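Observations on the model geometry
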Amino acid sequence: MKKRVLVTGGAGYIGSHTAVELIEAGYDVVVADDLSNAEMTAVEGVRRITGAEVPFVKADCSDPAQLFPIFEQYPVDAVIHFAAFKAVGESVHKPLDYYRNNLSLLITVLEAMRKYGVENIVFSSSCTVYGQADVLPVTEQTPRKEAESPYGNTKKMCEDILRDSVKAYPGLKGIALRYFNPIGAHPSALIGELPRGVPNNLVPYVTQTAAGLREQLSVFGDDYNTPDGSCLRDYIDVVDLARAHVAAIGRMVGGRSKAPYEIFNVGTGRPVSVLELVHTFEKVNGVKVNYKIVGRRAGDIEAVWADTSYANSELGWKAEKSLEETLAGAWNWEKHRRGIE
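Here the structure is a predicted model, which is why all the values come from computation and not from measurement.

**Side note on the layout of surface pockets**
Estimated volume of the second largest pocket: approximately 180 Å³. Around the second largest pocket, the lining is made up of 16 residues, and of these Tyr 235, Thr 268, Arg 270, Lys 321 and Leu 323 lie nearest the centre. For the lining of the second largest pocket, the elements supplying multiple residues, two or more each, are β10 (235–237) and α11 (323–338). Among the elements that make up the lining of the second largest pocket, the one with the highest residue count is β10 (three residues). A per-class count over the lining of the second largest pocket returns five nonpolar, six polar and five charged.

**A closer look at α11**
Because each turn of an α-helix spans 3.6 residues, side chains separated by three or four positions end up pointing in the same direction. Over its 16 residues, α11 extends 23 Å from the first C-alpha to the last, a length consistent with the 22 Å expected when each residue adds 1.5 Å. Where the residues of α11 are buried, they touch β7 (181–183), α7 (202–210), β10, β12 (272–273) and α9 (274–285).

**Describing the pattern of salt bridges**
Scanning all chains against the criterion turns up 21 salt bridges. One salt bridge in this structure joins Asp 223 and Arg 296, with 2.9 Å as the shortest N-O distance. Taken together, the residues span a long stretch of sequence, with Asp 223 in the loop between β8 (217–220) and β9 (232–233) and Arg 296 in the loop between β13 (291–294) and α10 (309–315) at a distance of 73 residues. Assessed through its relative accessible area of 48%, Arg 296 is described here as partly exposed.

**A look at the pairing of strand β5 (residues 120–126)**
Counting buried residues along β5, seven of its seven residues qualify, which places the element largely inside the surrounding structure. Here β5 shows two buried faces, one formed by Asn 120, Val 122, Ser 124 and Ser 126 and the other by Ile 121, Phe 123 and Ser 125. As defined by bridge partners, strand β4 (residues 78–81) adjoins β5 across four bridges and the pair is classed as parallel. Bridge pairing links His 81 to Phe 123 in β5. Where β5 lies against strand β6 (residues 173–179), seven bridges are found, and the strand directions are parallel. Bridge pairing in β6 links Val 122 to Ile 175. Between the parallel pair β5 and β6, the chain is carried across by helix α6 (residues 150–168), and the sense of this crossover is right-handed.

Rules behind the numbers
Every chain is numbered on its own, with residues counted from 1 as its sequence reads. Selection of residues for local features in this predicted model requires a pLDDT of at least 70, selection of side-chain atom pairs for listing and counting requires 80 or more, and totals for whole chains, interfaces and linings are taken over all residues. Hydrogens are left out, water is left out, and the side-chain values use all remaining heavy atoms of the structure. Grid points spaced at 1 Å over the protein atoms alone were grouped into cavities, where a 1.4 Å probe fits but cannot get out, and pockets, open sets with protein on both sides within 12 Å along at least five of seven lines, with lining residues defined by an atom within 4 Å of a point. Grid points are joined across faces, edges and corners, and a volume is the space filled by probe spheres set on the points. Counting from the N terminus, the helices are the DSSP runs of H or I reaching at least four residues and the strands are the DSSP runs of E reaching at least two. Ten residue types, Ala, Val, Leu, Ile, Met, Phe, Trp, Tyr, Cys and Pro, are classed as nonpolar, four, Asp, Glu, Lys and Arg, as charged, and the remainder, Gly among them, as polar. By definition here, a helix of n residues has an expected span of 1.5 Å times n minus one. Contacts were defined at the residue level, with two residues in contact if any of their heavy atoms lie within 4.5 Å. When a carboxyl oxygen of Asp or Glu lies within 4 Å of a side-chain nitrogen of Lys or Arg, that pair is called a salt bridge. Each residue is placed in one exposure class: buried if its accessible area under a 1.4 Å probe, protein chains only, is under 20% of its type's maximum, exposed if it is over 50%, and partly exposed if it falls in between. Any two strands with at least two DSSP-identified bridges between them are counted as paired. We call a crossover right-handed when, viewed with both strands directed away from the observer, the connection leading from the first strand over the helix to the second proceeds clockwise.

And the structure:
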């Protein structure tokens, strides 16, 4: 019998791509999302790509009155929890909104799982928990540092809530996936990153500038202690990232977890600078990106990238897509959305 997975925040960027990969791996999927920062077009894209009648429930998953009926209607074997506010800059200005929303979302999901006997959860965490690490690349044993933003702090706090819950409640298993920088789009160009208003992330700003929607891309700082002076990050294709969730679910429902609570870094292991990414985008797609160097941005760390060897060996997963392939996919998605030939 097929296993069923509830994907909270499943209409979002990473959630929609993960829904596709779960279905293609043989799982049934239920998507829950309040659409506060997502569009139904993503769910429709998932249905078109997979040919599956994916159930969608519009719900605020921090509200038991909205979340619990989903568990009643759709008995599930596991949850992948994406739903959260996620803009680093906004979190600095609206910390209480971020703490209330992100913590209550996870707590309510865990309460629902306990009530309905669901034992497996994959939590969407972040490399922000490492801050500016003293040693690079970071491993799962790298000490977490004080967060640079309330958003990053909610990821740390949610990890602790999950760890403590797994300790307290026998049978509950959790995996926290610490993402690095997801970019790109599904090769079909039917789903991709869909920022509202001015993008907070680099690649949508690059593609929108190339498409003429933005006048200029600002590169924040060229005086860091890096090869070209711009920040170094670990950019991972969103489809590769989605497949890591499928591997994590398979590990839990297949009884292969080595501990009730596990953590994995999900990246490529290759540092890429902001300027290298911009120049690679231009070269791969044959377009120019109008950019200028400006001062450093508050809260940015100089460099972070992953040691992925633990995830590679334990999950049997590895990032496979090249930066060139990923950036071509990001541009195809932008052109598809804008009707650009």
